[in-house]
Amino acid sequence: MTSASFSSMTSQPLPSLIAGDFPRVTRLVTIASGAGVLPAGAVLGRIAASRKFTLSAAASNDGSEAVRAVLAEPVDATAADIQAVVYFTGEFNPGELTFGAGHSAASAADALRDLSIFL
């Protein structure tokens, strides 16, 4: 029998994106080229024409202004589309989320709740 060993000691506590036990539904989606470097916890919208995801900004007018999902892993979609895992439901720590321009935990909470994403 082989024993696995690992260390989780860090100089600072790791942030926790997940806040509770509400069931999380994940899916693989396409993050649109040009979205840039996005951290886990980025709140995404979906571009209507391409059905690709990007950071949701309130002033967008391509469909991505509506919050739709939470990014589960960091990605770099600066130069090309990239596949990434997102949460379509779950309970998350609002302080660990990244919101686009014009959005905040307070302004997005009702729309996210309608999607079974709780802050």
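Placed above this text is the structure.
Everything numeric in this text was worked out from a predicted model, so none of it was measured.

Caption draft 1: Representation of the overall build of the protein chain in the model. On a plain count of helices and strands, the protein chain comes out with one helix and eight strands. Reading the secondary structure of the protein chain in the N-to-C direction produces β-β-β-β-β-β-β-α-β. In the protein chain, buried positions account for 34% of the 119 residues. Here the protein chain displays about 6,900 Å² of accessible surface, and carbon together with sulfur accounts for 54% of that area.

Caption draft 2: Quick peek at the side chain of His103. Among the structural elements, His103 can be located in the loop between β7 (82-91) and α1 (105-114). With residues near it in sequence (within four places) discarded, His103 still touches Ser56, Ala57, Ala58, Glu65 and Val67.

Caption draft 3: The arrangement of α1 in detail. Taken as a whole, α1 has its buried residues at Ala108, Ala109 and Leu112. Along the axis of α1, the buried positions cluster into a sector of 130°, meaning they face one direction only. Turned more than 90 degrees from where α1 packs its buried face, Ala106 and Asp114 sit exposed. Buried residues along α1 sit against β3 (43-46), β5 (67-71) and β8 (117-118).

Caption draft 4: Fine view of the nonpolar core. One finds Ile31, Leu38, Leu44, Phe53, Leu71, Val75 and Val86 to be the most contacted residues of the largest nonpolar core, which totals 13 residues. Of all the secondary-structure elements, those providing two or more residues to this core are β1 (25-31), β5, β6 (75-77) and β7. Each residue touching Val75, except ones within four places of it in the same chain, is listed here: Ile31, Gly36, Val37, Leu38, Ile82 and Ala84. Judged by nonpolar contacts, the second largest core, of eleven residues, contains Val67, Phe92, Phe99 and Ala108.

Caption draft 5: Structural detail: the pattern of salt bridges. Evaluation of the coordinates by the stated rule reveals two salt bridges. The partner of Asp81 in a salt bridge is Lys52, with the nearest N and O atoms 2.4 Å apart. Taken together, the residues span a long stretch of sequence, with Asp81 in the loop between β6 and β7 and Lys52 in the loop between β3 and β4 (53-55) at a distance of 29 residues. On the basis of relative accessibility, which here comes to 25%, the residue Lys52 falls in the partly exposed class. For Arg113, the salt bridge goes to Asp110, with nearest N and O atoms at 2.8 Å. Here Asp110 and Arg113 lie together in helix α1, a separation of three residues that amounts to about one turn. For Arg113, a relative accessible area of 44% corresponds to the partly exposed category.

Caption draft 6: Examining the side chain of Ser64 more closely. Mapped onto the secondary structure, Ser64 falls in the loop between β4 and β5. Those residues within four positions of Ser64 in sequence are excluded, and the remaining contacts are Gly45, Arg46, Ile47, Thr54, Ser56 and Ala57.

Calculation criteria
- Residues numbered from 1 in each chain as written.
- Predicted model: local features only at pLDDT ≥ 70, side-chain atom pairs only at ≥ 80, totals over all residues.
- Heavy atoms only, no water.
- Helix = DSSP H or I, 4+ residues; strand = E, 2+ residues; numbered from the N terminus.
- Buried < 20%, exposed > 50% of the residue type's maximum accessible area, 1.4 Å probe, protein only.
- Areas by Shrake-Rupley, 256 points an atom, 1.4 Å probe, with all protein chains shown as cover.
- Contact = heavy atoms within 4.5 Å.
- Arc of directions from axis to C-beta.
- Core = buried A, V, L, I, M, F, W, Y, C linked by side-chain atoms within 4.5 Å.
- Salt bridge = Lys/Arg side-chain N within 4 Å of Asp/Glu carboxyl O.

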